[in-house]
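# Descriptive analysis of the structure
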Amino acid sequence: MKRLLALTTAIAIALPFTPAAADSPDSPGSQGAGDPYFPLQGNGGYDARHYDLTLDYDPGTRVLKGTATISARSTQALSRFNLDLSKTLTVASVTVDGTAARFTHEGDELAVSPASAIAAGKPFTVAVAYAGKPTHIVDPDGSKEGWIRTPDGVFNANEPEGAKSWYPGNHHLTDKAGYRFTVTVPSDRVAVANGSLVSQNTAMGRTTYVWVAKEPMASYLTTVSIGDFTLTDTTVGGLRTIVAVDPEHAAAAKNLAQRHGPVLAYFSGLFGPYPFSTTGAIVDNAPGVGYALESQTRPIYPKVPDEVLLSHELAHQWFGDAVTPERWKDIWLNEGFATYAEWMWADKRGATPLSTAFSRAYARTADDRFWQIPPADPGNAKQLFKDAVYVRGAMTLHVLRKEVGDKAFFTILRTWVADHKYGNASTADFVALSKKISGKPLDALFDAWLVKPGKPAL
Ligand code: TRP
Ligand code: ZN
């Protein structure tokens, strides 16, 4: 599902392909979704509705064999359209509606020319068969993401660009879709993905796991993690809770499924009903990965999370996963909100009062570089996950709450989720909603806290 970005920000990119023959109208979809931080991420001209990924992985040889069958709908006439896929993977064939299509694969752009052009507004199915040894991606900020090999399998976290390292797709955050993952691994390994485990079958030393994620999901929130996991599937607070734990973390993970209950109950009270049909966690050993990620319904952690990290990733299920930013520069809508939720949970359980969390953060002196990054636009892809995005973002929400009062504040948060669940929204949308619900101007507040560099006065 997709909400198109404003045309004014579309970026023109030179097309490295041969022009179509003079007798066929050339109407290629754009190579990128128009996000200034990642100009080639995502693609134009179609809306992906559903991904059916069939993957076979051997941790011994590190070879991944995949078929991605993507159901989509054109939003313009398409003589050609692109998918994002790392060049480390080799494409064997592409079909569109069952007919072989021509393709080129340059950079991380797979360009598909169907045998005959797709008319505007038509459903179509593209199937890509590919194979190779996936490698992780190094982010603009230097961290690893994507298909990250571990001693026993794969730690798979895909924000902001990792998805292309293991499957072809429309990998911008505005194109959400449903997913089915059919993953075959050696029988001494487990494959864990988002959503519900619907079947698990072993034959001749290999096990096939089928996972279905039915609620719309942005591709940076997908995960297929593989390892020597212990899988538990329980009901906690009425919600199916599937937890996968690497044996090295087994002792510390003892109550992990149960610990989800109180956090989710508290957040549901504040933000509205939990937005998905399952929850859970993946805890994996991942050398060189220093962060956790809020994969939809199944956050992935490099160690057993404490209450701070658990509450952060679970808050993202509302803020980030159910409601996803329209552009990467709006990332404070994820991180500022999850950090504020973390503070509220610490207050609730009696660890740190909210006012203390705020004053500690505010105590940074005015000359601290921290204050130079405004959360509403951290500036570039390298600065996406800077402290200011998290902490100054959270402070913005606290200041907003003090200004409008608790009643209006929580109405704003609940309305935000209800209005944009399974879709995307921007900082401008949040500012407009806050003004509408509170009836206050708020421009000066948001300007000082979100837009202008420098330490805001209280
Ligand atoms: N979104 C993650 C969180 O805060 C953090 C994250 C994802 C991250 N990718 C990253 C942090 C890369 C640093 C670098 O839950
Ligand atoms: Zn976060």
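Residues numbered from 1 in each chain as written. Chains lettered and ligands numbered in written order. Predicted model: local features only at pLDDT ≥ 70, side-chain atom pairs only at ≥ 80, totals over all residues. Heavy atoms only, no water.

Within an unreviewed UniProt entry, the label attached to the protein reads Aminopeptidase N, and the organism entered is Nonomuraea mangrovi. Entered under Catalytic activity (unreviewed entry) in the UniProt record, the comment concerning the protein runs "Release of an N-terminal amino acid, Xaa-|-Yaa- from a peptide, amide or arylamide. Xaa is preferably Ala, but may be most amino acids including Pro (slow action). When a terminal hydrophobic residue is followed by a prolyl residue, the two may be released as an intact Xaa-Pro dipeptide." (UniProt positions renumbered as here; feature names shortened; annotations may be inferred.)

Enumeration according to the criterion identifies 13 salt bridges in this entry. Arg49 is the salt-bridge partner of Asp47, the closest N and O atoms lying 3.4 Å from each other. Note on Arg49: relative accessible area 39%, which makes it partly exposed. For Lys164, the salt bridge identified is with Asp108, shortest N-O distance 2.9 Å. Of this pair, Lys164 sits in the loop between strand E11 (153-157) and strand E12 (177-186) while Asp108 sits in the loop between strand E6 (102-106) and strand E7 (109-113), and the two are 56 residues apart along the sequence. Accessibility expressed as a relative area gives 14% for Lys164, which makes it buried. Judged by its relative accessible area of 28%, Asp108 falls in the partly exposed class. By sharing partners, the salt bridges in this structure join Asp108, Glu161 and Lys164 into a single network. (Salt bridge = Lys/Arg side-chain N within 4 Å of Asp/Glu carboxyl O. Buried < 20%, exposed > 50% of the residue type's maximum accessible area, 1.4 Å probe, protein only. Helix = DSSP H or I, 4+ residues; strand = E, 2+ residues; numbered from the N terminus.)

To continue, consider the coordination of the zinc ion (ligand 2). Here the zinc ion (ligand 2) is held by the protein donor atoms His312 (NE2), His316 (NE2) and Glu335 (OE), which lie 1.9 to 2.0 Å from it. Each donor residue of the zinc ion (ligand 2) belongs to the same chain, with the gaps between them written as H-x3-H-x18-E. Residue His316 is located in the loop between helix H2 (307-315) and strand E21 (323-325), and its partner Glu335 is located in helix H3 (residues 332-348); the two are separated by 19 residues in the primary sequence. Just as His316 is buried, Glu335 falls in that class too. (Donors = N, O, S within 2.8 Å, 3.2 Å for Na, K, Ca; no water.)

If you walk across this open sheet you meet the eight strands as E5-E4-E8-E2-E1-E12-E15-E14, and the pairing is mixed. Among the strands making up the open sheet, the edge pair consists of strand E5 (99-100) and strand E14 (196-203). (Pairing = 2+ DSSP bridges.)

For the rest of this paragraph, the subject is the pairing of strand E10 (residues 144-150). The buried count for E10 comes to five of seven residues, which makes it a mostly enclosed element. Bridge count for strand E9 (residues 137-138) against E10 is two bridges, and the pairing is antiparallel. Along E10, the bridge assignment pairs Ile137 with Glu145. Hairpin connection of E9 to E10: five residues between the antiparallel strands, including Gly142 at a positive phi of 95 degrees. Pairing analysis gives five bridges linking E10 to E11, with the strands arranged antiparallel. The partner of Ile148 across the bridge, within E11, is Phe155.

Interface size is commonly expressed as the accessible surface area that is lost when the partners come together. One can read the domain layout of the protein as domain 1 (3-317) and domain 2 (324-451). Computed from C-alpha coordinates alone, the two centres of domain 1 and domain 2 are separated by 27 Å. With 38 residues of domain 1 at the contact, the number on the domain 2 side is 37 residues. Put simply, domain 1 and domain 2 have zero salt bridges between them. Our enumeration of links across domain 1 and domain 2 arrives at 16 residue pairs in polar contact (both at pLDDT 80 or more). If you list the elements that add at least two residues to the side of domain 1 that touches domain 2, you get strand E15 (206-217), helix H1 (256-271) and H2. If one sorts the elements of the side of domain 1 that touches domain 2 by residue count, H1 sits on top with seven residues. Here the side of domain 1 that touches domain 2 is composed, by residue class, of 21 nonpolar, nine polar and eight charged. (Domains from an automatic or database assignment. Contact = heavy atoms within 4.5 Å. Polar contact = N/O pair within 3.5 Å; in protein donor to acceptor, adjacent residues only side chain to side chain. Nonpolar A, V, L, I, M, F, W, Y, C, P; charged D, E, K, R; others polar.)

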